[in-house]
Amino acid sequence: LTFRHGGAGNPAIGSAYDFKDPAAPVRRNYAFRDNWSTKDKPLGGAPQGAVHLPGTVFMHGARHCAFADCTIAHGGWYAMEIGAGCTGVVIDGNHLHDLGGGGIRIGGAGAAEAKQAPSLVTSRNRVTNNHVHDCGEIHFSAIGVLVTHAFGNLIEHNHIHDLLYSGISCGWSWGYGESVTRENRIGHNRIHDLGKGVISDMGGIYLLGVQPGTRVYDNVIADIQCRYYGGWGIYTDEGSAHIVIEHNLCRNCSSEGFHQHYGRENIVRHNVFVFNAGSGIAITAGTSRQTGYSLPGENYAMNLVFVGNVVLQDGRPFFRQSSADALALEQFYSENNLFWDVS
């Protein structure tokens, strides 16, 4: 099947989707954050990920459905959305391109809502073998594959390129707060030619919040170009925790191949970071950053384990830190890595 010209207008940002259709049922947008102001945004526009946009193919409470070998093109929103309460949905082998928004959204109820309505939790979906390109043509911050509040999803063997923001984004809880996002698998994806000097603070693969069991593996990421700062290959942003990142190749990024803003107990092993214009890797903050942590006692002692990686540079530093403790010996464990400067 081919779907064309879906997703009209510029939806306003708010706690419910604006489908531009009075006959459509009201659906909660669980990616909307209560502290996002809407009064100054009459034309819409989300602070991150263009999450005010629904999918032109929109699923709510769907179980064990498949979209295979379809085309979605020339639309104004995300191509597809696996929304609240969906599980077992397969999106395989589709061609998603020339879109005002992004490729695929996955997400349902967040941690607080999930306790009250567990049927609205989204989990165990598969996004595989899709070609996503030339997206974000209207809404520049749209993402190739976006996972907000969801767990146990598989994102493999997708080809994502020619967007102005991140290729794959996973996680929607800032800091060390409670999250439903965990056990997601992001592997064997080819991601390249993102940013193009238009947007800052982005990554080929972007991760956010506490995600025990999430694994990022065997991805090839290249040519990530930011506007002013933050064109990273793999980016663990605020509070990223308990994530394993292994066997990835990141090259020719306008910032570092890997950047951790602040996080805890992540493992980065057996990756190759090649000829990135910033430093080889960067860690912004150490254990002094405790945002969102509310339990008694110290929340962690180790921010990153960095083992068996190759960092290849040409006249650029191997490491960058923004706080004095980010690379402290008791916080940053580094062993059996190869650091090489061809100059």
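The structure under discussion appears in the preceding block.
Computed from a prediction, not measured in an experiment: that's the story for all the values here.

(A) Quick peek at the overall build of the chain. If you tally the helices and strands in the chain, you get 1 helix and 33 strands. Against the globule reference of 20 Å for 343 residues, the chain gives a C-alpha radius of gyration of 19 Å, in line with a compact fold. Dimensions of the chain, computed from C-alpha atoms along their principal axes, come out at roughly 60 × 45 × 40 Å. A total of 343 residues make up the chain; the buried ones form 56% of that total. Taking as baseline every contact in the chain between residues at least 6 positions apart, the subset at least 24 positions apart corresponds to 76%.

(B) Highlighting a nonpolar patch on the surface. Together, F275, L338, W340 and V342 make up a nonpolar patch on the protein surface, roughly 410 Å² of accessible area in all. Note on placement: V342 falls in the segment after strand 33 (338-341).

(C) Broad picture of the pairing of strand 29 (residues 304-307). Judged by which residues are buried, strand 29 turns out to be one-sided: L304 and F306 face inward and are buried, whereas V305 and V307, on the alternate face, are not. Direction of pairing for strand 26 (residues 266-269) relative to strand 29: parallel, over a ladder of 4 bridges. Paired with N266 across the two strands is L304, which belongs to strand 29. As paired elements, strand 29 and strand 32 (residues 332-335) share 4 bridges and run parallel to each other. Opposite L304, over in strand 32, you have F332 as the bridge partner.

(D) Structural detail: the environment of V180. Turning to its location among the elements, V180 is positioned in the loop between strand 14 (168-170) and strand 15 (185-187). C-alpha separation for the pair V180 and Q211, spaced 31 residues apart in sequence, amounts to 8.1 Å. Residue contacts for V180: discarding those within four places in its chain leaves A109, G110, A111, A114, H149, A150 and F151.

(E) How the structure looks around the sheet that holds strand 26. Spatially, 3-6-9-12-15-18-22-26-29-32 is the arrangement adopted by the 10 strands of the open sheet, whose pairing is parallel. Unpaired on one side and paired on the other, strand 3 (66-68) and strand 32 mark the two borders of the sheet. For this sheet the average axis-to-axis angle between neighbouring strands, irrespective of direction, equals 5 degrees. Across 3 bridges, strand 3 lies against strand 6 (residues 90-92) in parallel orientation. If you follow A68 over to strand 6, its bridge partner there is D92.

(F) Expanded view of the sheet that holds strand 8 (residues 104-106). Across the sheet, 10 strands lie side by side as 2-5-8-11-14-17-20-24-28-31; this open sheet has parallel pairing. Pairing within the sheet leaves two strands with one partner each, and these edge strands are strand 2 (55-59) and strand 31 (319-321). Taken over all neighbouring pairs, the strand axes of this sheet differ in orientation by 15 degrees on average, direction set aside.

What counts and what doesn't
Residues numbered from 1 in each chain as written. Predicted model: local features only at pLDDT ≥ 70, side-chain atom pairs only at ≥ 80, totals over all residues. Heavy atoms only, no water. Helix = DSSP H or I, 4+ residues; strand = E, 2+ residues; numbered from the N terminus. Rg over C-alpha atoms; globule rule 2.2 N^0.38 Å. Buried < 20%, exposed > 50% of the residue type's maximum accessible area, 1.4 Å probe, protein only. Contact = heavy atoms within 4.5 Å. Patch = residues over 30% accessible without salt bridge, like charges linked within 9 Å, V, L, I, M, F, W, Y side chains within 5 Å. Areas by Shrake-Rupley, 256 points an atom, 1.4 Å probe, with all protein chains shown as cover. Salt bridge = Lys/Arg side-chain N within 4 Å of Asp/Glu carboxyl O. Pairing = 2+ DSSP bridges. Axes fitted to C-alpha atoms, helices over the stretch in contact; angles between N-to-C directions.

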